[in-house]
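Chain residues, written in single-letter form:
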Amino acid sequence: MIVQSSPAEVLKAIRAARRAGKTVGCVPTMGVLHAGHVSLVERARTECDFVVGTIFVNPTQFGPNEDFSKYPRTLEADLEMCRHAGADLMFTPQTASMYSGDAQTIVRVTKLATVLEGAHRPGHFDGVSTVVTKLFNITEPDRAYFGQKDYQQQLIIRRMVVDLDQPVEIVTCPIVREADGLAMSSRNRYLSTEERSRAGQISQALRLAQQSAGEPQLLPQEIAGRMVAHLESIAGIELQYAVIADTQTLEPLVDRTGQGVALIAARVGTTRLIDNEVLQFR
Ligand code: AMP
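One structure accompanies this document, and this report is about it. (Residues numbered from 1 in each chain as written. Predicted model: local features only at pLDDT ≥ 70, side-chain atom pairs only at ≥ 80, totals over all residues. Heavy atoms only, no water.)

The number of helices and strands found in the protein chain is 9 helices and 9 strands. The C-alpha radius of gyration of the protein chain comes to 19 Å, within 12% of the 19 Å expected for a compact globule of 282 residues. Along the first, second and third principal axes, the C-alpha set of the protein chain runs to 55 × 40 × 40 Å. Every one of the 282 residues in the protein chain was classed for burial, and the buried ones make up 51%. Long-range pairs, those at least 24 residues apart, make up 72% of the contacts in the protein chain between residues at least 6 apart in sequence. Computed over 29 positive and 32 negative side-chain charges, the separation of the two mean positions in the protein chain equals 2 Å. (Helix = DSSP H or I, 4+ residues; strand = E, 2+ residues; numbered from the N terminus. Rg over C-alpha atoms; globule rule 2.2 N^0.38 Å. Buried < 20%, exposed > 50% of the residue type's maximum accessible area, 1.4 Å probe, protein only. Contact = heavy atoms within 4.5 Å. Lys, Arg positive; Asp, Glu negative; His and termini not counted. Charge placed at Lys NZ, Arg CZ, Asp CG, Glu CD.)

This is the structure we're talking about:
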């Protein structure tokens, strides 16, 4: 496995792989890797000849009061996990080689990026869509792998590649969870023991929504109400939203004829967690 921090060298290595007839899969991450990230690398390994992972804590997707400076960094362990999962190349750029001081260009997805996470984290998705575009330009992948864990993010990236004719197929991979259901996240390591056990209630609320979706008389709004009631009954969980949205537009789902996704964001202590589940209305 090659480890390379220079964008120009990465592009050179990937073009060499392409000339050798290989298909390229890209897995963008911010490091502090866990089994969720590994599942993306493994999926890319099964579908592409040349797998490039990227590890970059992208400053432009953090708000001024967010955890950029304290975001954990575990590069050596990350590289070992990717080597084990079969990555061919790891791109580990420094901030200065991704953003020159006089950079003036952002990529902005509009409507989809204004709701839910976009409303709670102004500017976040501008940072995401800009850095992902840059990573696509540097790695020229045939396919790029994202987790359903960040449901809105993968939807925005899908919109962006269509709108900008970026020749990349977006693959969304299932959420990998801990034994109690908590979605794996680099931020879970911020949780104290007590917070960690409380955090399991977020996926419990999603399970409640899924069970409720099986009750034919319940409207999406009523199902969302059950999630809200469940989470608001637990001391130490500060709910930001718990909604049922259309899987494609993220607008509130009004009836059971559409496809719905239950989406939750909540603070447990100072740690902000998100999770989601696509609902099966029967
Ligand atoms: P991050 O390093 O948090 O930016 O995540 C990098 C990629 O891994 C994103 O596409 C995430 O959606 C994905 N990811 C993060 N956590 C999980 C998880 N628990 N299961 C599946 N994919 C995940």
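Right, let's get into the environment of T95. Tracing the backbone shows T95 in helix α4 (residues 95-98). According to the relative accessible area criterion, T95 is partly exposed, its value standing at 36%. Residues T95 and C173 lie 78 residues apart in sequence; the distance between their C-alpha atoms is 27 Å. Beyond its immediate sequence surroundings of up to four residues, T95 is in contact with F56 and P59.

What follows deals with the environment of R143. Among the structural elements, R143 can be located in strand β5 (residues 143-147). Contact partners of R143, with chain neighbours within four places excluded, come to V24, G25, C26, E47, C48, V168, E169 and V171. A distance of 2.7 Å separates a polar side-chain atom of R143 from the backbone oxygen of E47. (Polar contact = N/O pair within 3.5 Å; in protein donor to acceptor, adjacent residues only side chain to side chain.)

Quick look at the packing of helix α2 (residues 35-47) against helix α3 (residues 75-85) now. As a packed pair, α2 and α3 sit with axes 9 Å apart at the nearest point and diverge in direction by 30°. Considered as vectors, α2 and α3 are oriented roughly parallel to each other. Two packed elements cross with a definite hand, and for α2 against α3 that hand is right-handed. Residues V38, V41, E42 and R45 of α2 touch α3, and the partners they reach there are M81, C82 and A85. Tallied by class, residues from the contact of α2 with α3 come to 5 nonpolar, no polar and 2 charged. (Axes fitted to C-alpha atoms, helices over the stretch in contact; angles between N-to-C directions. Parallel < 35°, antiparallel > 145°, perpendicular 65-115°, else oblique. Left-handed = near helix turned anticlockwise from the far one by under 90°. Nonpolar A, V, L, I, M, F, W, Y, C, P; charged D, E, K, R; others polar.)

Opposite charge on two side chains makes pairing possible when the charged atoms of those side chains draw close. Throughout the structure, instances matching the rule amount to 15 salt bridges. Its salt-bridge partner being K12, residue E9 comes within 3.2 Å of it at the nearest N-O pair. Residue E9 and its partner K12 are located together in helix α1 (residues 7-19), separated by 3 residues, close to a single helical turn. Look at K12 and you get exposed, because its relative accessible area is 53%. Taking the shortest distance from any N to any O, the salt bridge between E47 and R43 comes out at 2.7 Å. Here R43 and E47 lie together in helix α2, a separation of 4 residues that amounts to about one turn. Residue class for E47 comes out partly exposed when judged on its relative accessible area of 29%. In this structure R43 comes out as partly exposed when scored by relative accessible area, which is 30%. (Salt bridge = Lys/Arg side-chain N within 4 Å of Asp/Glu carboxyl O.)

Scanning the entire structure with this criterion turns up 4 aromatic pairs. The interplanar angle of 35° and the centroid separation of 6.3 Å between the aromatic rings of F56 and Y99 together place this pair among those described as tilted. A residue pair is termed long-range when its members are at least 10 positions apart, and F56 in the loop between β3 (50-55) and α3 and Y99 in the loop between α4 and α5 (117-120) qualify at 43 residues. Like F56, the residue Y99 is buried in the burial classification. Relative to F146, the ring of F136 lies with its centre 6.5 Å away and its plane at 75°, an arrangement referred to as edge-to-face. Of this pair, F136 sits in helix α6 (residues 124-139) while F146 sits in strand β5, placing them 10 residues apart in sequence. (Phe/Tyr/Trp six-rings, centres within 6.5 Å; stacked < 30°, edge-to-face > 60°.)

Moving on, we come to the environment of Q104. As for its position among the elements, Q104 is in the loop between α4 and α5. A residue is classified by how much of its surface remains accessible, and Q104, at 74% relative accessible area, is exposed.

Moving on, we come to the sheet that holds strand β1 (residues 2-4). Spatially, 6 strands are ordered β1-β4-β3-β2-β5-β6 in an open sheet, and the strand pairing comes out parallel. Only two strands of the sheet have a single partner each, and these edge strands are β1 and β6 (169-173). Here the average twist between neighbouring strands, direction ignored, is 25°. Of the strand pairs in this sheet, β5 and β6 are connected by 5 bridges, and their pairing is parallel. Looking at the pairing, A144 lines up with I170 of β6. Against the sheet, α1 contacts β1, β2 (24-29), β3 and β4 (89-91), and its axis sits at roughly 150° relative to β4. (Pairing = 2+ DSSP bridges.)

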